[in-house]
Amino acid sequence: WLKLKTVNPYRSSCLCAAILFVRLIALVADRRIHAMAKLQAAYLLLCVSAYWSGAVASDATAALERDDECAAGSGQCSLNALQVRAAATQEQAIQEGGGLCNATKPCPSLYKCVSKPDDSWSQCVPETYSVFRQECVKYTEDFRLLAIKAVNLNCQDSLCHGPDWCVRGYKCAQQEDGGWAQCISCVPETFYTNCYSWKNPFKVAAQSACSPLTCPTSTWAVAK
């Protein structure tokens, strides 16, 4: 057992679990076996199974970082894999100096290399909306606009400065007092739902951007 464990915890635990499982079946099949022996065999199997689960869990994070196929899928696994890989790419590029991507330093899957016009900076930008929405708010404003246009996704949690900052039919709703401006959808169902979360000054801006749509009367009392 010790030799097996030092070679590979995952394989050794699998083998021991299989051996004990077969042994347990043999013991249970023997009607003359003492009840305590059955209990001991079951306990050993439980211990090895627990160790086996630990070995698998300990490799989960490393496997996620190594698995390129994960990025091609969907769900949380894909999101985690993309973030881990992109963070590693960015850290390496920062250490090397210069931009984060170019012809010799390509971006990972589902990311696009975006460069400033003067080539002073380049960076991998996510093409998946859930990831882009988290990352775009961290960009400088000039780079954010380039990123929005490059991947054709709205950065809804950031300030917009005009129609050019919104894509896919979204409108830049700007408060008259300059307090806030944001890309919003003028699709009626989405607009009416969002009215409940907007403060009253922004409701006015949203109605102006998406005229003739207006927020339901009941929403004006929800957020002052």
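Look up a bit, the structure's there.
Residues numbered from 1 in each chain as written. Predicted model: local features only at pLDDT ≥ 70, side-chain atom pairs only at ≥ 80, totals over all residues. Heavy atoms only, no water.

Student: Would you take a moment to explain the environment of glutamine 175 for this structure?
Tutor: Inspection of the secondary structure assignment puts glutamine 175 in the loop between strand S3 (171-174) and strand S4 (181-184). Residue glutamine 175 is classed as buried on the basis of its relative accessible area, which comes to 14%. What glutamine 175 contacts, discounting residues up to four positions off in sequence, is Trp180, Pro201, Phe202 and Ala205. Side-chain polar atoms of glutamine 175 contact the side chain of aspartate 177, separated by 2.8 Å. (Helix = DSSP H or I, 4+ residues; strand = E, 2+ residues; numbered from the N terminus. Buried < 20%, exposed > 50% of the residue type's maximum accessible area, 1.4 Å probe, protein only. Contact = heavy atoms within 4.5 Å. Polar contact = N/O pair within 3.5 Å; in protein donor to acceptor, adjacent residues only side chain to side chain.)

Student: Could you clarify how one ought to interpret the side chain of serine 158 in this entry?
Tutor: Considering the arrangement of structural elements, one finds serine 158 in the loop between helix H7 (141-151) and S3. Leaving out residues up to four positions away in the same chain, serine 158 has contacts with Val137, Arg144, Trp180, Ala181 and Gln182.

Student: Can you walk me through the nonpolar core in this structure?
Tutor: Nonpolar side chains in soluble globular proteins tend to end up buried together. Ranked by internal contacts, the top residues of the largest apolar core, which has 18 residues, are Val125, Phe132, Tyr139, Phe143, Ala147, Ile148 and Cys160. Looking at this core, the elements with two or more residues in it are H7 and S4. With 4 residues, H7 is the single largest residue contributor to this core. Excluding residues within four positions of it along the chain, isoleucine 148 makes contact with Phe132, Leu153, Cys155, Trp165 and Val167. (Core = buried A, V, L, I, M, F, W, Y, C linked by side-chain atoms within 4.5 Å.)

Student: Whenever I open this one, the packing of aromatic side chains confuses me. Can you help?
Tutor: Given two aromatic rings, their pairing is described by the distance between the two centres and the angle made by the two planes. By the definition in use, this model includes 4 aromatic pairs. Taking the centre distance of 5.3 Å and the plane angle of 90° together, the rings of tyrosine 139 and phenylalanine 143 count as edge-to-face. Of the two residues, tyrosine 139 and phenylalanine 143, both sit in the buried class. For the ring pair phenylalanine 191 and tryptophan 198, a centre distance of 5.4 Å and an interplane angle of 70° mean the geometry is edge-to-face. Taking the relative accessible area as the measure of exposure, phenylalanine 191 reaches 0% and is therefore buried. A relative accessible area of 8% places tryptophan 198 in the buried class. Through a chain of ring-to-ring contacts, three or more aromatic side chains come together here, namely Phe191, Tyr192, Trp198 and Phe202. (Phe/Tyr/Trp six-rings, centres within 6.5 Å; stacked < 30°, edge-to-face > 60°.)

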